[in-house]
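# Architecture at a glance
Okay, here's what each chain looks like letter by letter:
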Amino acid sequence: MTTRNKRSDTKFLMQGSILAMASIISRIVGLIYRVPLTATIGKTGNDYYGTAYEIYNIILLISSYSIPLAVSKLVSARMAKGHVKDANKVLHGALLFAFITGGSASLIVFFGAEFFTGSLLKTPLSAIALKVLAPTLLVVAILGVFRGFFQGLGTMIPSAISQIGEQIVNAIVSVVAANILFSYGKKVGGVLGNVKGYAAAYGAAGGTLGTSTGAAFALIFVLFIFFAFKKVFKKMMQKDKHRNSEGYNEIMSTLIMTIIPVLLSTTVYNISSIIDQGIFKNFALYQGHDAAAISESWGVFTGQYKVLINVPLAIASAMAASTVPSLTAAFNSNDSALVKKQINMANRFVMVIAFPCCVGMMVLASPIMQLLFNDTEKSSGLMLMIGGCSIIFYSLSTLSNGILQGLDKMTIPVKNALIALFAHVGFLFLLMEVFDLHIYAVIIANAFYALLMCFLNQSAVLKYSGARIDIKKVFLAPLEASALMGVIVYLVYRLLYGFVSLNASSNIANFVACIVSIIAGVIVYFVSMLLFKGVDEETLMKFPGGAKLCSIAYSLHLLR
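What you see is a predicted model; the values in this text were computed from it and never measured.

## Details of the confidence of the model for the chain
In this model, the chain carries an average pLDDT of 85, and 91% of its residues clear a pLDDT of 70 or more. Mean pLDDT per element in the chain: helix 18 (residues 537–541) is the minimum at 71, and helix 4 (residues 127–133) is the maximum at 94. Under a pLDDT of 50 for its full length, residues 1–10 has, in the predicted model, 15 contacts with residues more than four places off or in other chains.

Structure below.
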């Protein structure tokens, strides 16, 4: 391998690691604040919060979610050729696009809140939280342009820091505002004759206020970085002497043609969630299930299950974001060896994390629900136990979406997502109608959807890149190490829980047993991966803290 390729490999994985770590920290902060938020607003409040967030998320996907990826791709391609002025035009064009789409989306959500929540999703009190979220659509659209711009320049640091700051502000404001507005909602409910409903609804609005405030903070931070960088960027533009510069019409046309396939793939890929909610709630009501029970089940699904599942998925999302600009540059340079290597590295990096998270959550499903949400109901733990496998499938399908976009195969993820979506909806109807599986039908259908997407996308990646995945290192080694880890974690948890519960309450016993078994699992997985040759020194060095990990491995004689 050439020196240039080595530098590209290191930079590619390092940038991915930076964004992955930021995403994990953000998701962990998000998980932590959901604990007191759930304690305040309850399962019904989680249903209202989740409903508002699902609608916001779909409109965000349609209006501006694809902007960062498209901007990073276009900026990266122009910077690789030294066309700095054209990259600047991409920034200006994307900002105009963001103002139009983000502003329009904000108005649609604000004035259509009652229709979306009440008529479509049978959760009318969610309209309060959704209206609070509406202005965020414009803020996030503009924020996405600047994040994509810096990612296209090859740095994930502004995105990473702003992401962490956004989530911290979100967490603080959400918890404080939820408590204040929950109390206010009780007073409103007392007047209107529905104390529980309005308290939960206003509490959920407090949670969404945190989202709006966090996004505003992130935008201010990124703008500060941009204006600090502006002088350097102007000097770079002055050095750009290439002729035949692109016009704004051409830039806008290219931007829109890049955004549309990404938009379609991400929308179809993520729209299944809101379709699930519409089908589940309407079908469950038709089957005669109690409305309050339906609301609580969906509250657990969206406010507990999905929050936990999304923590490890942050790795795949971050790797996908870092893969697109680096793969685009390698692909445009006709460096097929580098393209193949980066695809293998990205898959390996993601699977090293996804497998143990999947097994760990399935083994400790009920204890984790009890530890974080004080939820001892068997149904809640069973959700996580059944759906844990989807972590692997969603991780692979998310990553392969980004890889295909980096390879300029923009329409393939759209076709695959449509195929998977139709199959998913049919499967969900079957599970609810024939087997009457209630909320578990949604979880199983989601896992099926992710598996199908994973298979279709990975087949396309291998076909168009010519890459060959190292099955042993990418899949078998993490699977074997995770299986061994799972057995040890289960035994440690059961033994410790039984021992501690003799002299302490079940909550304390569960806390001690969970923490110790998780630590034991991390150690067993690390050692097992080295014994099964799943990682070597070169791979370890590319992870955050790689030098320290190698030092530990050498001291234990696991590396030679």
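## Notes on the pattern of salt bridges
Applying the stated criterion to the full structure yields 6 salt bridges. Where Arg147 meets Glu166, a salt bridge forms, and the shortest distance between an N and an O atom there is 2.9 Å. Here Arg147 is found in helix 5 (residues 136–152), whereas its partner Glu166 is found in helix 6 (residues 157–192), with 19 residues between them in sequence. Residue classification places Arg147 among the buried residues on the basis of a relative accessible area of 15%. Salt bridges here are not isolated pairs; linked through shared partners, they connect Lys43, Asp375 and Glu377.

## Some points on the side chain of Gln458
Structurally, the position occupied by Gln458 is in helix 15 (residues 439–465). Owing to a relative accessible area of 12%, Gln458 belongs among the buried residues under this scheme. Polar side-chain contacts of Gln458 include one of 2.9 Å to the side chain of Asn347. With sequence-adjacent residues up to four places away left out, Gln458 is seen in contact with Asn347, Leu396 and Ser400.

## Looking at the domain arrangement of the chain
Buried accessible area, meaning the area lost when the parts come together, often serves as the stated size of an interface. Once the domains are mapped, the chain shows domain 1 (289–469) and domain 2 (470–556). Put simply, the middle of domain 1 and the middle of domain 2, counted by C-alpha atoms, are 22 Å apart. Counting residues at the interface gives 22 residues for domain 1 and 29 residues for domain 2. In total, domain 1 and domain 2 occlude about 2,100 Å² of area from one another, counting both sides; carbon and sulfur atoms represent 72% of this. When the buried area of domain 1 at its contact with domain 2 is split by residue, Arg348, Phe355 and Ile469 rank highest and sum to 29% of it.

## Remarks on unusual backbone geometry
In the Ramachandran plot, Asn374 falls in the positive-phi region, its phi being about 50° despite a non-glycine side chain. The backbone of His438 sits at a positive phi, close to 55°, despite the residue not being glycine. Its location among the elements puts His438 in the loop between helix 14 (412–433) and helix 15.

## Considerations on a nonpolar patch on the surface
Residues Ile168, Ile172, Val176 and Ile180 make up a contiguous nonpolar surface patch of roughly 370 Å² in combined accessible area. Relative to the elements of secondary structure, Ile180 occurs in helix 6.

## Overview of the environment of Leu418
Relative to the assigned elements, Leu418 resides in helix 14. Here the alpha-carbon distance between Leu418 and Ser23, two residues 395 residues apart in the chain, equals 27 Å.

## Some details on the side chain of Ser272
The topology assignment puts Ser272 in helix 8 (residues 248–286). Ser272 gets classed as buried once you look at its relative accessible area, which sits at 3%. When near neighbours in sequence (up to four residues on either side) are disregarded, Ser272 contacts Leu421, His424, Asn446 and Tyr449.

## Description of the packing of helix 6 against helix 7 (residues 195–239)
Relative to each other, helix 6 and helix 7 sit at 155°, their axes nearing to 5 Å. It follows from the interaxial angle that helix 6 and helix 7 lie roughly antiparallel. In the crossing of helix 6 with helix 7, the sense of the turn from one axis to the other is right-handed. Of the residues belonging to the contact of helix 6 with helix 7, the class tally is 24 nonpolar, 14 polar and 2 charged.

Criteria and cut-off values
Residues numbered from 1 in each chain as written. Predicted model: local features only at pLDDT ≥ 70, side-chain atom pairs only at ≥ 80, totals over all residues. Heavy atoms only, no water. pLDDT = per-residue confidence, 0-100. Helix = DSSP H or I, 4+ residues; strand = E, 2+ residues; numbered from the N terminus. Contact = heavy atoms within 4.5 Å. Salt bridge = Lys/Arg side-chain N within 4 Å of Asp/Glu carboxyl O. Buried < 20%, exposed > 50% of the residue type's maximum accessible area, 1.4 Å probe, protein only. Polar contact = N/O pair within 3.5 Å; in protein donor to acceptor, adjacent residues only side chain to side chain. Domains from an automatic or database assignment. Buried area = accessible area lost by both parts, 1.4 Å probe. Patch = residues over 30% accessible without salt bridge, like charges linked within 9 Å, V, L, I, M, F, W, Y side chains within 5 Å. Areas by Shrake-Rupley, 256 points an atom, 1.4 Å probe, with all protein chains shown as cover. Axes fitted to C-alpha atoms, helices over the stretch in contact; angles between N-to-C directions. Parallel < 35°, antiparallel > 145°, perpendicular 65-115°, else oblique. Left-handed = near helix turned anticlockwise from the far one by under 90°. Nonpolar A, V, L, I, M, F, W, Y, C, P; charged D, E, K, R; others polar.

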